[in-house]
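In case you want the letters, here they are:
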Amino acid sequence: MNESGMGTANSAAEQLRLDDGRLIWCTSPAEAQLLWQEVTSDGFYRRAAGRLRSGDTVLDIGGNVGLASLGFADARPDIHVIAAEPAPDVFACLARNFAAHLRHGTPLRAAVAAEAGSGTMVYYPDAPGNSGLYADREADDDITRTFLRNRGLDDSSIADVLDGLHVGETIEVAITTVSDILREHGSPDIALLKIDVERAELDVLRGIREEDWPRIRSVVAEVHDENGGLADFQDILHRHGFACEVRQDDVLRGTGLYEVDAVRVS
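Here is what the cut-offs are and how they apply
Residues numbered from 1 in each chain as written. Predicted model: local features only at pLDDT ≥ 70, side-chain atom pairs only at ≥ 80, totals over all residues. Heavy atoms only, no water. Helix = DSSP H or I, 4+ residues; strand = E, 2+ residues; numbered from the N terminus. Rg over C-alpha atoms; globule rule 2.2 N^0.38 Å. Buried < 20%, exposed > 50% of the residue type's maximum accessible area, 1.4 Å probe, protein only. Contact = heavy atoms within 4.5 Å. Areas by Shrake-Rupley, 256 points an atom, 1.4 Å probe, with all protein chains shown as cover. Lys, Arg positive; Asp, Glu negative; His and termini not counted. Charge placed at Lys NZ, Arg CZ, Asp CG, Glu CD. Pairing = 2+ DSSP bridges. Axes fitted to C-alpha atoms, helices over the stretch in contact; angles between N-to-C directions. Left-handed = near helix turned anticlockwise from the far one by under 90°. Nonpolar A, V, L, I, M, F, W, Y, C, P; charged D, E, K, R; others polar.

Undergrad: What's the story with the overall build of the protein in this structure? I'm lost.
TA: For the protein, the count of helices and strands is nine helices and 12 strands. Taken over the C-alpha trace, the protein has a radius of gyration of 17 Å; the compact-globule value for 266 residues is 18 Å, and the two agree within 12%. Seen through its principal axes, the protein has C-alpha atoms that stretch 50 × 40 × 35 Å. Expressed as a percentage of its 266 residues, the buried residues of the protein come to 52%. Across the protein, the fraction of contacts at a sequence separation of at least 24, relative to all contacts at a separation of at least 6, is 69%. Summed over all atoms, the accessible surface of the protein reaches about 11,700 Å², with 45% contributed by carbon and sulfur. Each charge sign in the protein was given a centre, from 25 positive and 46 negative side chains, and these centres are 7 Å apart.

Put into structure tokens, the structure is as follows:
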């Protein structure tokens, strides 16, 4: 556990009991419950977890409160998970969850992009998982509206949920890169690079130096297909020796959100 940057839990933090009985810290129990369903459903996260081996290292970019990391560690308890999350309130929950539930976990308070430095992100207190360097309130409302409609909510209920959901605040964050993280942690091989960074996924890949690509065995990511983003994301992976599979969950039908599972083949 990396003690630097552990932080303290924000007063907004709440506890949620998962279906397996574990208590986790989060800033939005409703969102955390949805994230846990995604992690434990029969999707790409579970498939990626099934490929992990004893002693592997996982790099979780866009760690949120750590639920994907917990899911990976549930599959292989002796793996090492390094998780990056920039939002202070969310990071505080991530750090507490790692301390409570991961045997080998390192939380990093940082955004991950193409170049290291500092910058600003938009943080949505009521929808922390939609926060990011490229947050777009109108687009995020549209995605959520479609998601809720696909789940069977009526327009009146959807309007109630969306009211103020994506009202954000701009915060300063440290920015690092995948390659810098590798160097700071002894340049380990990465069995799984998980990416969920709300439109910054291409930036994450562009922050991987050429000499570091061979260290990465697989990638699982949420990708926004805006301005050709999905094709560009796959193209980068193909050029670096990965075979890609793409799917879209039924509840995201009509949005530009897709999942990518990529495995090294050369």
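Undergrad: Can you walk me through the sheet that holds strand β9 (residues 192-195) in this structure?
TA: Paired through backbone hydrogen bonds, the strands of a sheet run either parallel or antiparallel to each other. Sheet architecture is open: seven strands sit in the order β5-β4-β3-β9-β10-β12-β11, paired in mixed fashion. With one partner strand each, in any of the chains shown, β5 (105-108) and β11 (242-247) form the two edges of the open sheet. Strand-to-strand twist across the sheet, computed as the mean angle between neighbouring axes with direction ignored, equals 15°. Where strand β3 (residues 57-61) meets β9, four bridges bridge the pair, whose relative direction is parallel. Counted as the bridge partner of Leu 59 is Leu 193 from β9.

Undergrad: Please clarify how the packing of helix α1 (residues 29-40) against helix α3 (residues 67-75) should be interpreted in this entry.
TA: Geometrically, a packed helix pair is captured by the angle between its two axes and the distance between the axes. Remark: α1 packs on α3, axes separated minimally by 9 Å, with the N-to-C direction vectors making an angle of 35°. α1 and α3 meet at a crossing whose hand is right-handed. Where α1 approaches α3, its residues Ala 32, Leu 35, Trp 36 and Val 39 are matched on the opposing element by Leu 67, Ala 68, Leu 70, Gly 71 and Asp 74. Of the residues assigned to the contact of α1 with α3, the class counts are seven nonpolar, one polar and one charged.

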